[in-house]
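Spelled out from the first residue to the last, the chains are:
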Amino acid sequence: MRRTLPQMHIVQRSDIKPLNAWGYRLLAVLFALSMGGLFLLILGYNPFDVYATMLRGALGSAGMQKETLKLTIPLALTALGILLAFKMKFWNIGAEGQIAAGAIAASYFAYFHADLPKTVLLLTMAAAGFVAGGFWGLIPAWFKTRFGTNETLFTLMLNYIIYYFITYLREGPWRESVGGFAAMPRFPKQARLPEIPFPFVGNLHLGWVVLLVMMVLVFIYLRYTKQGYEITVVGENERTARYAGMPVKRIILRTMFLSAGIAGLVGMLQVSGPDRQLTDSVGGGRGFTAISIVWLARLSPFGSVAVAFLFAILQKGSSMMQTEYRIPASMSDILQGIILFCVLGAEFFLQYRILKRKEVAA
Amino acid sequence: MNGFMDQLTAFLYAAILASVPLLYGTLGEILSQKAGNLNLGVEGMMYLGAVAGFLAGYHTNSLVLTLLLGMAAGAFGAAIYALLTVALKANQNVTGLTLTIFGTGIANFLGEQAKLNAPMGTVFLSNELKALLSPIRVAGLSDLPFIGPLLFHHSILTYLAILCGIGMSLYLKRSHLGMNLRAVGENPAAADAMGIPVNLYKYVHILVSGALSGLGGVYISMVTASGNWQPNIISGQGWIAIALVIFASWKPLRAILGSLVFGALSVLRLYIPKDLIDIPSAFFSMLPFVVTSLVLVISSIRMKRENQQPASCGINYFREER
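Residues numbered from 1 in each chain as written. Chains lettered and ligands numbered in written order. Predicted model: local features only at pLDDT ≥ 70, side-chain atom pairs only at ≥ 80, totals over all residues. Heavy atoms only, no water.

A. Fine view of the overall build of chain B. From N to C terminus, chain B includes 13 helices and two strands. For 322 residues, the compact-globule formula gives about 20 Å, and the C-alpha radius of gyration of chain B, at 20 Å, lands near that figure. Scored against the burial criterion, the 322 residues of chain B give a buried share of 55%. Accessible surface computed for chain B: about 13300 Å², of which carbon and sulfur atoms make up 68%. Computing the positive centroid from 18 side-chain charges and the negative centroid from 13, chain B places the two 8 Å apart. (Helix = DSSP H or I, 4+ residues; strand = E, 2+ residues; numbered from the N terminus. Rg over C-alpha atoms; globule rule 2.2 N^0.38 Å. Buried < 20%, exposed > 50% of the residue type's maximum accessible area, 1.4 Å probe, protein only. Areas by Shrake-Rupley, 256 points an atom, 1.4 Å probe, with all protein chains shown as cover. Lys, Arg positive; Asp, Glu negative; His and termini not counted. Charge placed at Lys NZ, Arg CZ, Asp CG, Glu CD.)

B. Representation of the packing of helix H13 (residues 331-351) of chain A against helix H4 (residues 92-117) of chain B within the structure. Relative orientation of the contacting elements H13 of chain A and H4 of chain B amounts to 150°, with a least axis distance of 7 Å. By the angle class used here, H13 of chain A and H4 of chain B are roughly antiparallel. As for how H13 of chain A packs across H4 of chain B, the hand of that crossing is left-handed. Contact residues: H13 of chain A offers Met-331, Asp-333, Ile-334, Gln-336, Gly-337, Ile-338, Leu-340, Phe-341 and Leu-344 of chain A, while H4 of chain B offers Val-94, Thr-95, Thr-98, Leu-99, Ile-101, Phe-102, Gly-105, Ile-106 and Phe-109 of chain B. Tallied by class, the residues present in the contact of H13 of chain A with H4 of chain B amount to twelve nonpolar, five polar and one charged. (Axes fitted to C-alpha atoms, helices over the stretch in contact; angles between N-to-C directions. Parallel < 35°, antiparallel > 145°, perpendicular 65-115°, else oblique. Left-handed = near helix turned anticlockwise from the far one by under 90°. Contact = heavy atoms within 4.5 Å. Nonpolar A, V, L, I, M, F, W, Y, C, P; charged D, E, K, R; others polar.)

C. Quick look at the interface of chain B and chain A. Tallying the contact residues gives 53 residues for chain B and 50 residues for chain A. Our count for the contact surface shared by chain B and chain A stands at zero salt bridges. There are three residue pairs in polar contact (both at pLDDT 80 or more) connecting chain B and chain A. Looking at the side of chain B that touches chain A, the elements that each hand over two or more residues are helix H3 (63-87), H4, helix H9 (188-193), helix H11 (237-247) and helix H13 (281-301) of chain B. By residue number, the principal contributor to the side of chain B that touches chain A is H4 of chain B, which donates 16 residues. Per-class residue counts for the side of chain B that touches chain A are 32 nonpolar, 15 polar and six charged. (Salt bridge = Lys/Arg side-chain N within 4 Å of Asp/Glu carboxyl O. Polar contact = N/O pair within 3.5 Å; in protein donor to acceptor, adjacent residues only side chain to side chain.)

D. The nonpolar core, seen in detail. Ranked by size, the top nonpolar core spans 192 residues in total, and within it Met-125 and Leu-278 of chain A together with Trp-239 of chain B carry the most contacts. With twelve residues, H13 of chain A is the single largest residue contributor to this core. Grouped together as the second largest cluster of nonpolar side chains are eight residues, Ala-14, Ala-18, Leu-268 and Phe-284 of chain B included. (Core = buried A, V, L, I, M, F, W, Y, C linked by side-chain atoms within 4.5 Å.)

E. Structural view of the packing of aromatic side chains. Considering all chains together, one arrives at 29 aromatic pairs over all chains under this definition. Plain terms: the ring middles of Phe-39 of chain A and Phe-109 of chain B are 5.4 Å apart, the flat faces sit at 55° to each other, and that makes the pair tilted. Here Phe-39 of chain A is found in helix H1 (residues 18-42), whereas its partner Phe-109 of chain B is found in helix H4 on a different chain. As far as burial versus exposure is concerned, Phe-39 of chain A and Phe-109 of chain B are alike and both buried. Here Tyr-108 of chain A and Phe-109 of chain A contribute two aromatic rings whose centre-to-centre distance is 5.2 Å and whose plane-to-plane angle is 80°, an arrangement assigned as edge-to-face. (Phe/Tyr/Trp six-rings, centres within 6.5 Å; stacked < 30°, edge-to-face > 60°.)

F. View of a nonpolar patch on the surface. All names here are of chain B. Side chains of Phe-4, Met-5, Leu-141, Leu-144, Phe-146, Ile-147 and Leu-151 sit close together on the surface and give an oily, nonpolar patch of about 570 Å² of accessible area. Listing elements by their share of the nonpolar patch, those giving two or more residues are helix H1 (2-34) and helix H6 (147-151). In this structure, Leu-144 sits in the loop between strand S1 (136-137) and H6. Residue classification places Leu-144 among the partly exposed residues on the basis of a relative accessible area of 34%. (Patch = residues over 30% accessible without salt bridge, like charges linked within 9 Å, V, L, I, M, F, W, Y side chains within 5 Å.)

G. Geometry of the side chain of Glu-347 of chain A. All names here are of chain A. You can see Glu-347 is positioned in helix H13. Reaching out from Glu-347, the side chain makes a polar contact with the side chain of Arg-298 at a distance of 3.1 Å. Setting aside chain neighbours within four positions, we find Glu-347 in contact with Arg-25 and Arg-298.

H. The pattern of salt bridges, seen in detail. Residue and element names in this part refer to chain A. This model, assessed by the stated rule, comprises nine salt bridges over all chains. Lys-70 serves as the salt-bridge partner of Glu-67, at 3.5 Å between the closest nitrogen and oxygen. Here the residue Glu-67 and the residue Lys-70 both occupy positions in helix H3 (residues 62-87), the gap between them amounting to three residues, near one helical turn. We classify Glu-67 as partly exposed; its relative accessible area is 34%. Here Lys-70 falls in the partly exposed class, since its relative accessible area comes to 23%. Close ionic contact of Arg-254 with Glu-230 constitutes a salt bridge, the shortest N to O distance being 2.8 Å.

I. Structural context of the pairing of strand S3 (residues 202-205) of chain A. Residues and elements named next belong to chain A. Here strand S2 (residues 195-198) runs beside S3; their pairing, made up of four bridges, is antiparallel. Bridging from a neighbouring strand, Pro-197 pairs with Asn-203 of S3. Linking two consecutive strands that pair antiparallel, namely S2 and S3, is a turn of three residues; a positive phi of about 70° is found at Phe-200 within it. (Pairing = 2+ DSSP bridges.)

J. Region of the structure containing the environment of Leu-257 of chain B. Inspection of the secondary structure assignment puts Leu-257 of chain B in helix H12 (residues 252-271). Relative accessible area serves as the criterion here: at 53%, Leu-257 of chain B is assigned to the exposed category.

K. Up close: helix H2 (residues 47-59) of chain A. Residues and elements named next belong to chain A. Between its terminal C-alpha atoms H2 stretches 18 Å, which fits the 18 Å expected from 13 residues at 1.5 Å a residue. For H2, every residue scored as buried is listed here: Pro-47, Val-50, Thr-53, Met-54, Gly-57 and Ala-58. Along the axis of H2, the buried residues cluster in a sector spanning 125°; they form a single face. Where H2 starts, the residue carrying a side-chain oxygen 2.9 Å from the main-chain nitrogen of Phe-48 turns out to be Asn-46. (Expected span 1.5 Å × (residues − 1). Arc of directions from axis to C-beta.)

L. Layout of helix H4 (residues 95-112) of chain A. Under the 1.5 Å per step criterion, the end-to-end length of H4 of chain A is 26 Å for 18 residues, consistent within 8% with the ideal 26 Å. Most of H4 of chain A sits inside the fold, with 15 of its 18 residues counted as buried.

M. Region of the structure containing the environment of Leu-217 of chain A. You can see Leu-217 of chain A is positioned in helix H7 (residues 207-224). Given the relative accessible area of 48%, Leu-217 of chain A is considered partly exposed.

N. How the structure looks around the packing of helix H5 (residues 118-147) of chain A against helix H10 (residues 248-275) of chain A. All names here are of chain A. The contact between H5 and H10 brings their axes to 6 Å, and the two run at 140°. As summarised for this structure, H5 and H10 are arranged oblique, according to the angle between their axes. Considering the relative orientation of H5 and H10, their crossing is right-handed. When its residues are assigned to classes, the contact of H5 with H10 shows 18 nonpolar, eight polar and one charged.

In structure tokens, the structure reads:
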């Protein structure tokens, strides 16, 4: 049997400088935005006007900047959590549920132990959020280490389970006694996060400080600690880690606890900061958006916070777009998808070179 | 006693109705995984199919166009996935997840856009179109007691789903192409050496898998939601379909059974007499996801050699790295 040789040939390349690589990725993002613009054009809008409105809606005034930052905090913090798991190649797509678990635990203290002094109460809520989120993430991690259970699907199923649990709380035991609408009561003043000034923007809930501290902590943890090094080794090759005598199972459990714990903390910050009550939408899709974020930031802690800010602009801008042009705000999901598709595709050209048959023979 | 039988028939009938979109999604994902590509974008492709089919039906009133555009939209999502993972070697997990975000966004966007432009702010389909997808009677068989109304009074999409399952089982087990496909999924390098065009197999089967998911989406917007568009219309059914692949241990016939079980779980709430078992409805809604988790755990505990994921699944094939 004769086989025709392919006309093209792909080889790996390693000659791209990091700066050039970022240039290509930026090009990919611009390409994605122009595809999104084309989509808008087909629908009959002027893409330049729409994009300008988005930017204005996200950054146009101090008030809008504040709203954008409010969106950045949970996105970036969730991304920092997911990053730990992804570095280990553990596909935690359950951050959404881990946020919810943290929010429930924190809300328990807000609803039933509001007699504690404010600082004690908030610290308890934060600790409860972290532990509850971490525990919700430990379940799939334990089954993964013990039986090799598929963590991608398991973490995802746990999202739905915990969200229906919130529905149960809302319709049942935690339902507000007054009013016919099934909702949970607002938090007492005691359980609300204090606001402190953010440079140039004004008062913003404490979450932004938590985010900056966590960003530095995650960076140091991954770069300079033994545990951080272990995560990298397990992520690159589990077998190598085992031969090197690393307790792989313990590393997976520990890392997932931390990863999910940070997500749980996000839940606490959301309910006690902007939301001021427990709702069914406490995660708000952030668990999934954060996955796009860490992937675009190539698992860098600082990069994740920066990309999260850009995605917050996208989201805030989209809601502005909805009010001004009556374009549905789900446009931000579409743009997010297109951007990620383009960057995923661009990676190929950074890693490989396509050669014609002749050049190979030479 | 008669009341109980009626209730049971109604419950089983509802279970079959709810199982159809799951079956389409599961069959699609089996095909994709058999080609070595784990596609987490089933939910997204279902959304694309649901909205495309719905809008096609809304604007043209044609069943053929509804089905064709629904399938094409699912296949379009799959094409993006295939281009990125097969040609450009992108990470399969991230690409699939992105496809889900993208498809969800597109569907919610176009659905809401249609609502904004509709005269009364609501979009629904004409009764003639819905009638074409409503249950049809099979001459003779539908009049059988009990099984007649249960099994032979369904939408054409239901019969088509079962036929797809049986057809796919034969294709994978008995046909030459199906065997080649399994070789591609198990060991692409060996398949390549045998002269099987690995990438062509991947493209074709990923596209067909997208078309199947798209049909599942069409079913949800046309039959389950009875032609009324609503946001977040798929609500996790695509994810259950992916988990069902494991439940079915990559066998199409077992997928039929599995989707029936999960269809039954998802409608159980409506058929359990309140005076018998009084559980808050949220726990019933939770049930399919709890059982899916249990299935994942149990199937990982009792791993059998022959009931496993195709060996190369999730890993991109790169000929030059052989």
